[in-house]
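Structural characterization, general
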Amino acid sequence: MRRTSAMVDEWTGQTNVDAAADEAVAWHLRLPSAGAEEWRAFIDWLEADPAHGDAYDALTRADAELDDALTPPDWSDTVPLAAANDDRAAPRRRWALAAFGGLAAAGIGVVMLPLETDRAMRIVETPSGVRRAVVLADGSRIELNGGTKLAIDDGAARLVTLERGEATFHVTHDAAHPFVVQSGTMRLEDVGTVFNVARVGPHLGVQVAEGAVMFQPEQERIMLTAGAALSHLDGEAPRLSGVAVGDVGGWRNGRLVFQRTPVRLVAAALERSTGVVVQVAPGLRETPFTGSIGVTGGADRLIPRAAALIGARAEQVDGRWRLVGGHAGP
């Protein structure tokens, strides 16, 4: 049978769609461990054919919907959640392909650079043990852990400052207006991803759940893809590690996950989530801890249990907890 021109076009088009879908799957599997050159090749692939973008967008959308179905958010059994100060319902966020076009324009993801600003900022603050969700005018959603202080520039809703504490950012894509998070003397510029940032004194921690971010203190560029974590102490070289994507911002689900984390930062995380003051004896402050701690139940049970996991013991004096070296018993 002789094919008509229309039949050939239809067959060829379907073949191209199938090929794009197969290539999208291959890229989706490679990106979590991709380096800078692979990310540039990925962007070139996206820009080579609109079908590539459609295929990758469909794949990531389906992956996110499956993840939502399997792991629904549940904060009911952890700590109270204060009402957001925005009357709009938070839109369900999807990792749109267009974000990657913005990544190319912004130098691939998030860049941390010195930033100074004298603009007036609106303060959003949570006491320890209380969480809050804020939806910005652009639809970006910020989930604040306890003991967190954010400053939001209402004149430019895509600029926030994390002064202390911890927050998970769900950024709505807008390639023309990058989302900026400032913390200390550093800043992160993002165009559409999900990441967690924690600030404790001079320490900054970044974990990436979706997309890609670039860390650049003093002109040093370090690529972070989904599942990557970075720990940075002012004046020292950053330390890289991995993190399960499902553990990024785990405090939202009542579980704190640590990998070779100094006990002083573990104590700060416990304090943010429970609302109780947790001090650490000097000899224990820098001891690394790897493990997970479920933040459920009262502090009278939680803090001693956490201390035992760390390899320490908990003492309570005047309503404050103190972690000291050595177990109290077998």
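Everything below is about the structure printed above this text.
Anyway, here's the lowdown on the structure attached to this text.

The rules behind these values
- Residues numbered from 1 in each chain as written.
- Predicted model: local features only at pLDDT ≥ 70, side-chain atom pairs only at ≥ 80, totals over all residues.
- Heavy atoms only, no water.
- Phe/Tyr/Trp six-rings, centres within 6.5 Å; stacked < 30°, edge-to-face > 60°.
- Helix = DSSP H or I, 4+ residues; strand = E, 2+ residues; numbered from the N terminus.
- Buried < 20%, exposed > 50% of the residue type's maximum accessible area, 1.4 Å probe, protein only.

**Let's talk about the packing of aromatic side chains**
- This structure, assessed with the given rule, holds three aromatic pairs.
- Here the aromatic rings of Phe169 and Phe195 are separated by 5.3 Å at their centres, their planes lie at 20 degrees, and the arrangement is stacked. Here the residue Phe169 occupies a position in strand β6 (residues 159-170), and Phe195 occupies one in strand β9 (residues 194-200), the gap between them amounting to 26 residues. There is no split in this pair, since Phe169 and Phe195 are both buried.
- Relative to Phe289, the ring of Phe258 lies with its centre 5.9 Å away and its plane at 55 degrees, an arrangement referred to as tilted. Of the two residues, Phe258 sits in strand β15 (residues 255-262) while Phe289 sits in strand β17 (residues 288-294), which places them 31 residues apart along the sequence.
- Phe258 sits in the buried class, given a relative accessible area of 8%.
- Here Phe289 falls in the buried class, since its relative accessible area comes to 5%.
- Taken together, Phe169, Phe179 and Phe195 form an aromatic cluster joined through their ring pairs.

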